[in-house]
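Reading the structure
Chain residues, written in single-letter form:
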Amino acid sequence: MRMSNLLMPTLREVPAEAEITSHKLMLRAAMIRRLSAGIYSYLPLGIKTLQKVEKIVREEMDKAGAQELLMPALLPAEAYQASGRWEVFGPSMFKMKDRYDRDFCLGPTHEELFTQTVIDNVKSYKEYPMTLYQIQTKYRDEGRPRFGVMRSREFVMKDAYSFDLNDEGLNESYKKMYDAYCRIFTRLGLDFTIVDADTGAMGGSGSQEFMVKSPVGEDGIAYCDDCGYAANYEKAECIPQEKPSVEGELDIEKLHTPSAHTIEELVAFMNAEAYNFAKTIIYKADDKYIAAMVRGDREINEVKLKNLVGCIDDLELAEPFKVRELTNAEVGFAGPIGLDIPVYADKEVAMMKNFIVGANETDMHYKNVNINKDFTPEVVADIRVIEEGDTCPKCGKPIKTAQGIEVGHIFKLGTKYSDALGLKYLDEDGRSKTVTMGCYGIGVTRCLAAAIEQNNDENGIIWPVSISPYQVVVIPVNNKLEEQTALAEKIYDELRTNGVDALLDDRNERAGVKFKDSELIGIPVRIVVGKKCGEGIVEYKERRAENSVEKTVDDAVNDVIEYINSNI
Ligand code: ATP
Ligand code: MG
């Protein structure tokens, strides 16, 4: 591609709308432009990269025996109503009516439609196992679209669905996708971690997420370097840790704690440790209210709690007026004693002795509280967030934690959708059985952002060769010197003849601008045709290298080809 023909409006300034590196760089490197919150256009460099990612995904899915098809994005409501997800998706589903007042949505994910397709088109048990996939635009009206294409409202997903006669078949199909995902993310140049994930409201028997560790990731992951255990926060099992407390069971006492609302204020006021307190938080769970208790130095994991409560909508903190009504006190003094709603206590709370809780009375707390003596929770379970230094549930060594970007997710669904929609088969003896399913997603557009988060420096993107929009850029230093432009053209032609995806910077720009742009847009190799061009010498520089090296034209061309082949 001649850069004089390329729509590449790079930006020198960091756009105010962007908070994280990948988002800033995708805007500055002229890959994307924002149209509305969470909705982006892809400029030529953006779409070229996206297509490279898609190609790798497609090749590996095909290699794993999956078949590509394409579903519509505009979908009638019926299948989602049958599975119950018309309601479950709540406000994150884009819904609309057609001119005849019929309900439609923009597909957020396609389990129902693939299930229906198999019902309609597969006639014999002999056709299984089967894995179908598509690479398609998805729509989710995210509560907080942000970070560019990392969490957007319109994004490209590769979604695959496996259909098997039984659980052994599902395990095999799942393993094939697991292996394909490992190959895909390796080829995309991502350094990834595979974590056990929560199967939550989706049901199913197993699930794993492919995470790219990054401080900007929105998912918490807990891992153990000793035994290889890795799980996301929702799934990571917390082993209760005991903390020192006063021996025996003392008598409960009511204390005046004027205007101490938070744990920090109470710790200071009562000269105690945060772990001597149990905090009680009141949540709205669909249309009822519940209380959850964790130790004062812990946080509640709302997904674990939601799964336990079994509500459909995400938990929400109870409104202040409701807290006042339920506790007869200002916000900040809730406690389990005398509370008229179900209390879910964390396992650690059940181990505590003589602890401090809110008294359901403004400015009052109880101390020396003991479980079963002073109150009995309805449920005791693991409802807290795992922390660095917690005990590894597999080997007992200390756990480490990190933030991760979820780039892929594989899931043994079982019969949830085949039951809901009636996907059955007749076995060889004519008995009716239910097909068992798996689903497998990759956030194709999110992968671009994740790759940039892991591969950049102060000058811009450093693309892995496999997904770089172009593999090499040839830059004549001075466009007015015929000698330089002619040699640059020759090198450019030669590279292209050899199948290299090359750029020729034939723009009438200063050399400094061309260099800056080539670094910003992250092209892996740069060949500069300058002063020594008369001697057949050019400057060769890999994007990651500190300095450039002088080479003959032939060497430079051969080295580019070799570099690309060994890095693709
Ligand atoms: P998240 O937890 O990040 O919201 P999810 O678990 O809801 O994602 P899945 O339904 O598992 O997402 O979708 C499969 C993949 O699609 C995810 O692993 C992720 O890479 C990608 N994805 C999901 N939501 C978005 C989004 N809003 N923007 C970009 N990519 C997304
Ligand atoms: Mg997921």
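Residues numbered from 1 in each chain as written. Chains lettered and ligands numbered in written order. Predicted model: local features only at pLDDT ≥ 70, side-chain atom pairs only at ≥ 80, totals over all residues. Heavy atoms only, no water.

1. Looking at the sheet that holds strand β31 (residues 549–552)
Where we set the bar: Should DSSP find at least two bridges between two strands, the strands are taken to pair. Counting from the N terminus, the helices are DSSP H or I runs at least four residues long and the strands are E runs at least two residues long. Note on geometry: axes are lines fitted to C-alpha atoms, helical ones only across the stretch in contact, with angles between N-to-C directions running from 0 to 180 degrees. Contacts are residue-level and defined by heavy atoms, with any inter-residue pair within 4.5 Å sufficient.
Ordered by their spatial adjacency, 5 strands build an open sheet running β28-β27-β29-β30-β31, and the pairing between neighbours is mixed. Two strands bound the open sheet, and with one partner strand each, they are β28 (502–504) and β31. Neighbouring strand axes in the sheet, compared pairwise and without regard to direction, differ in orientation by 25° on average. Here strand β27 (residues 472–476) runs beside β28; their pairing, made up of 3 bridges, is parallel. Its bridge partner lying in β28, Val472 is registered against Ala502. The strands that helix α13 (residues 482–497) touches are β27, β28, β29 (525–529) and β30 (537–542); relative to β27, the one it contacts most, it runs at about 165°. Against the sheet, helix α15 (residues 553–567) engages β27, β29, β30 and β31, with an angle of about 110° to β31.

2. Points about the sheet that holds strand β15 (residues 288–295)
Spatial strand order, β16-β14-β15-β17-β20: 5 strands in an open sheet with mixed pairing. Edge strands, defined here as strands with exactly one partner in the open sheet, are β16 (316–317) and β20 (379–381). Strand direction decides the pairing type here: β15 and strand β17 (residues 343–346), joined by 3 bridges, are parallel. Within the sheet, the bridge partner assigned to Ala291 lies in β17 and is Val343.

3. Looking at the environment of Pro393
Here is the rule: Note on classification: 1.4 Å probe, protein chains only; a residue is buried when its accessible area is under 20% of the maximum for its type, exposed when over 50%, partly exposed between these limits.
If you trace the backbone, Pro393 turns up in the loop between β20 and β21 (400–414). Assessed through its relative accessible area of 24%, Pro393 is described here as partly exposed. Here the alpha-carbon distance between Pro393 and Glu237, two residues 156 residues apart in the chain, equals 6.4 Å. Excluding its chain neighbours within four sequence positions, the residues that come into contact with Pro393 are Tyr229, Glu237, Ile239 and Ile399.

4. Digging into helix α7 (residues 263–270)
What counts is decided by this rule: What the arc describes is the spread of directions from the helix axis to the C-beta atoms.
Burial in α7 covers these residues: Ile263, Leu266 and Met270. Taken around the axis of α7, the buried residues stretch over an arc of 60°, which confines them to a single face. Away from its buried face by more than 90 degrees, α7 exposes Glu264 and Ala268. In this fold, the buried residues of α7 make contact with β13 (253–256), β14 (278–285), β18 (355–358) and β19 (364–369). Following α7 by one or two positions, Asn271 has its phi on the positive side, about 55°.

5. Remarks on the site of ligand 1
Quick note on the threshold: The near set for a molecule or strand comprises every residue that places at least one heavy atom within 4 Å of it. Nitrogen and oxygen atoms within 3.5 Å of one another constitute a polar contact, given that in protein one can donate a hydrogen and the other can accept it, and given that sequence-neighbouring residues count only through two side-chain atoms. Here the Shrake-Rupley method, with its probe set to 1.4 Å, supplies the accessible areas, and only the displayed protein chains count as covering residues. Classification convention: Asp, Glu, Lys, Arg as charged; Ala, Val, Leu, Ile, Met, Phe, Trp, Tyr, Cys, Pro as nonpolar; all other residues, Gly among them, as polar.
Neighbouring ligand 1 are 14 residues; Arg140, Glu142, Arg151, Ser152 and Glu406 lie closest to it. The side chain of Arg140 places a nitrogen or oxygen atom 2.9 Å from an oxygen atom of ligand 1. A distance of 2.8 Å separates an oxygen atom of ligand 1 from a polar side-chain atom of Arg151. For ligand 1, the accessible surface in isolation is 580 Å², of which the surrounding protein chains cover 83%. Breaking the shell around ligand 1 down by element, the ones donating at least two residues are β8 (154–164) and β21. The biggest single contributor to the shell around ligand 1 is β21, with 4 residues. When its residues are assigned to classes, the shell around ligand 1 shows 5 nonpolar, 4 polar and 5 charged.

6. Here's the deal with the pattern of salt bridges
Oppositely charged side chains can pair when the atoms bearing their charge come close. Spelled out, the test is: The term salt bridge refers to a pairing of a side-chain nitrogen on Lys or Arg with a carboxyl oxygen on Asp or Glu at a separation within 4 Å.
Counted according to the given criterion, the structure contains 47 salt bridges. Lys353 is paired through a salt bridge with Glu249; the nearest N and O atoms lie 3.8 Å apart. Note that Lys353 is positioned in the loop between α10 (347–351) and β18 and Glu249 in the loop between β12 (230–232) and β13, a separation of 104 residues in sequence. The exposure class of Glu249 is partly exposed, given its relative accessible area of 42%. Put simply, Arg295, Asp297, Arg298, Asp346, Glu348, Arg384, Glu387 and Asp390 are held in one network by salt bridges that share partners.

7. Side note on the packing of aromatic side chains
Which entries qualify depends on this criterion: Aromatic rings from Phe, Tyr and Trp, taking only the six-membered ring of Trp, are treated as a pair when their centres fall within 6.5 Å; an angle between ring planes under 30 degrees marks them as stacked, one over 60 as edge-to-face, and anything in between as tilted.
The tally for this structure, following the rule as stated, stands at 10 aromatic pairs. Relative to Phe210, the ring of Tyr181 lies with its centre 5.3 Å away and its plane at 55°, an arrangement referred to as tilted. Separated by 29 residues along the polypeptide, Tyr181 in helix α6 (residues 167–187) and Phe210 in strand β10 (residues 206–213) bring together distant segments of the chain. Comparing Tyr181 with Phe210 shows no difference in burial state: the two are buried. Taking the centre distance of 5.9 Å and the plane angle of 55° together, the rings of Phe185 and Phe192 count as tilted. What links up through ring pairs into an aromatic cluster is the set Tyr178, Tyr181, Phe185, Phe192 and Phe210.

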